[in-house]
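One letter stands for each residue in the lines below.
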Amino acid sequence: MCGIIGYTGKEAALPLILGGLERLEYRGYDSAGVALIENGSLVVEKRVGKIRELVKNLWGKPYRGRTGIGHTRWATHGEPSLENAHPHTDERGEFAVVHNGIVENYLELRRELEDRGVSFRSDTDTEVIAHLIAGAYEGDLLSAVLAVVNRLRGAFAFAVVTSKEPGRIVGVKQGSPLVVGVGEGENFLASDIPAILPYTRRVITLSDGEVVDVTPEGVNIYDFNGNPVTKEVVLVPWDIISAEKAGFKHFMLKEIYEQPKAIGDTIRGLVSAGEALPFDLREFRRILLIACGTSYHAGLVGKFWIEKFTGVPTEVLYASEFRYADTPVNEDDLVVGISQSGETIDTKFAVNFAREKGARTLAVVNVVGSSIDRESDYTLYTHAGPEIGVAATKTFTAQLAALYYLSISGHPQSETLLSELMKVPALVEEALERAEEIERVSQDYLRCRNFLYLGRYLSYPIALEGALKLKEISYIHAEGYPAGEMKHGPIALIDESMPVVVVAPQDRVYEKTLSNVEEVRTRKGRVIGVGFEGDDRLAKMCREFLEIPPAPEDLTPFLTVVPLQLLAYYIASKLGLDVDQPRNLAKTVTVE
Ligand code: F6R
């Protein structure tokens, strides 16, 4: 993962790079560093930990250089340490590289360089790039990069500067994201768009196999053979205000509250003529929904809807598993890649693999111009706006909106179903009004070390999502399970110390779920029920009862997930944890 940024122009580069790194910190935060060209020399500063450690270390240092690169790291090769922090340099300290992704053949390259007498200072794969470029340099940075790039295998993006050519940054994209920000007398490079939005909204999204040569005066793009490539400059519609906290303590809480808007904007965006589906789902023999993490849970909900409204058999697969399995895929299949970032490498590879097998591919992504967006045959956008909190919230419910829309397209009652969907934002608004009660409840669960989440049918994926939210931000172990499966194993875990969150809206499986609640109570489990307002029967069976407004069965996942997001948020926040940047995680997972 990792975040990279570069600036060259008329301003002092350091504050712009640090600002950009703060906005990229969600991609990783094990260490951070910058390289600046100061009066013709290369200066490198780095620190272990978050960007603020680097900023503290830079206070009072009078750097004025107008060209530089920066990096925030999520460790893959080499533990988080000062030696392994980026930027990495060649032996003479004349070339500095920041890198995101993995160079798979780095050990082979490292051995070759060591045989030539090069000494390494880190355990990273990145350092080989700096040494290779220094070795290939004959007076032109672009030529040196082009000479090296075909030797690197894997999925990566990197940026390089040299004291020999102040004012120039060369960037490479091969599998990991990299965008160019186009300014007036200044230009930027970054892993993604929000990093540079305060400075420019004019962006070029690079494609795999491209090298970009950036100076204050211009941006030139080439393929790996050095042939010029012409790219379009796109005006980004987001503005930075939507990426600030707007008075909320954390981005995650702000984003939970943004759900009515995210769902509403997604429905409106999809309904607009420009995003009409070019096919009928019923044309396909089978539909495969492929995703990771929270997006996979959205897929699990989507499967129920697609099968109900279209009758087409639908499977949901983890991208990382699908890619290396022998699942037969062919031209009769529709493969839907669901991804907030549009950059998750497993999902991207899985969708590409399916396309090569002849399947038609559809992306459901939040980031316009992301790899999965560009590489799929069609795209449905979730219009959730930038999501900064590492834990996905508003993009999950926006994905649900997109999948519901997909499932009802072409249905004889699609108009009626769509008008039901349009009521969801107001219902989610109502569900959010119970936040204070959830905050109060959360106080009693701060010391628990395990949670079980149960649900059936449409509430089963929500139980999985509730458990994922809790574990990723509070570090409390939580397991999601189909309620009916509990008696086949997890019931053994239940005693008076085990909170059991049961998602039980009044749907077709309500009575069955209530029987499972009884089974938990009989074993003295502490039941936290999520159900419809006014459901006294459920309320009486639970130690805590978290209400949601009543809704038609199909729409309940939009509502039942809200109290679970809030419960996880308040527990983690009360524990004093870093809710927006939980340990070991990163927002965009561009490694396998
Ligand atoms: C959990 C979370 C992750 C992502 C997963 C896929 O809160 O955010 O599990 O859902 O990494 O990411 P995308 O949707 O960008 O492909």
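Rules of the game
- Residues numbered from 1 in each chain as written.
- Predicted model: local features only at pLDDT ≥ 70, side-chain atom pairs only at ≥ 80, totals over all residues.
- Heavy atoms only, no water.
- UniProt positions renumbered as here; feature names shortened; annotations may be inferred.
- Helix = DSSP H or I, 4+ residues; strand = E, 2+ residues; numbered from the N terminus.
- Rg over C-alpha atoms; globule rule 2.2 N^0.38 Å.
- Buried < 20%, exposed > 50% of the residue type's maximum accessible area, 1.4 Å probe, protein only.
- Contact = heavy atoms within 4.5 Å.
- Areas by Shrake-Rupley, 256 points an atom, 1.4 Å probe, with all protein chains shown as cover.
- Lys, Arg positive; Asp, Glu negative; His and termini not counted.
- Charge placed at Lys NZ, Arg CZ, Asp CG, Glu CD.
- Pairing = 2+ DSSP bridges.
- 1 Å grid on protein atoms, 1.4 Å probe; cavity = no way out; pocket = protein on both sides within 12 Å on 5 of 7 lines; lining within 4 Å.
- Points joined across faces, edges and corners; volume = space filled by probe spheres on them.
- Nonpolar A, V, L, I, M, F, W, Y, C, P; charged D, E, K, R; others polar.
- Phe/Tyr/Trp six-rings, centres within 6.5 Å; stacked < 30°, edge-to-face > 60°.
- Lys NZ or Arg CZ within 6 Å of the ring centre and 35° of its normal.

- For the protein, an unreviewed UniProt entry supplies the name Glutamine--fructose-6-phosphate aminotransferase [isomerizing] and the organism Aquifex aeolicus.
- Its UniProt record, at the heading Function (unreviewed entry), says of the protein: "Catalyzes the first step in hexosamine metabolism, converting fructose-6P into glucosamine-6P using glutamine as a nitrogen source."

**Things to note about the overall build of the protein**
- Looking only at helices and strands, one finds 19 helices and 25 strands in the protein.
- Against the globule reference of 25 Å for 592 residues, the protein gives a C-alpha radius of gyration of 25 Å, in line with a compact fold.
- Projected onto its principal axes, the C-alpha coordinates of the protein cover approximately 75 × 50 × 45 Å.
- The buried share of the protein, taken over its 592 residues, is 64%.
- Of the contacts made within the protein by residues no fewer than 6 positions apart, 71% connect residues no fewer than 24 positions apart.
- Surface accessibility of the protein: about 21,800 Å² in total, with carbon and sulfur atoms responsible for 48%.
- In the protein, which carries 63 positive and 83 negative side-chain charges, the distance between the mean positions of the two groups comes to 3 Å.

**Focus: the pairing of strand β12 (residues 210-214)**
- For β12, a buried count of five out of five residues is recorded, marking the element as mostly surrounded by other parts of the structure.
- Residues E210, V212 and V214 line one face of β12 and the alternating positions V211 and D213 line the opposite face, and both faces are buried.
- Sheet analysis places strand β8 (residues 169-174) next to β12, joined by five bridges and oriented antiparallel. Pairing of V172 across the sheet is with V211, part of β12.
- Sheet topology places β12 next to strand β13 (residues 219-223); five bridges connect them, and they run antiparallel. Residue pairing across strands places V212 opposite I221, the latter belonging to β13.

**A word on empty space enclosed by the protein**
- Under the defined criterion, the tally for this structure stands at two cavities of 30 Å³ or more.
- By volume, the largest cavity amounts to about 270 Å³.
- Together, 28 residues line the largest cavity, and Y26, D192, I193, S341 and V367 are the ones closest to its centre.
- For the second largest cavity, the full set of lining residues is C2, R73, W74, T76, H77, H86, H99, N100, G101, D125 and T126.
- Examining the composition of the lining of the second largest cavity, we find that three residues originate from one element, strand β6 (residues 95-103), more than from any other.
- Within the lining of the second largest cavity, the residues separate by chemical class into two nonpolar, seven polar and two charged.

**Details of the packing of aromatic side chains**
- In this structure the tally under the stated criterion is 16 aromatic pairs.
- With a centroid separation of 5.7 Å and an interplanar angle of 75°, the aromatic rings of F322 and F353 are classed as edge-to-face. Placement of F322 in helix α9 (residues 319-322) and of F353 in helix α10 (residues 345-356) is noted, with a sequence separation of 31 residues between them.
- The exposure class of F322 is buried, given its relative accessible area of 2%.
- For the pair Y445 and F451, a centre-to-centre distance of 6.1 Å together with 55° between the ring planes defines the contact as tilted. F451 shares its class with Y445; the two are buried.
- What links up through ring pairs into an aromatic cluster is the set W305, F309, Y404 and F558.
- Across the ring face of Y29, the terminal group of K50 is positioned such that the distance to the ring centre comes to 4.8 Å.
- The ring of Y475 has R583 lying over it, and the distance from NZ or CZ to the ring centre is 3.8 Å.

**Some thoughts on helix α4 (residues 126-136)**
- Taking burial as the measure, the 11 residues of α4 include eight buried ones, the bulk of the element.
- Residues of α4 that are buried: T126, E127, V128, I129, A130, H131, L132 and I133.
- The secondary structure elements touched by the buried residues of α4 are β5 (88-89), β6, α3 (106-115), α5 (141-149) and β7 (154-162).

**Some points on the UniProt feature "domain: Glutamine amidotransferase type-2" (unreviewed entry) in the protein**
- The UniProt record marks residues 2-217 with the feature "domain: Glutamine amidotransferase type-2" (unreviewed entry), using the residue numbering of this structure.
- Split by type, residues 2-217 is 23% helix and 33% strand. Its first and last C-alpha atoms lie 28 Å apart.

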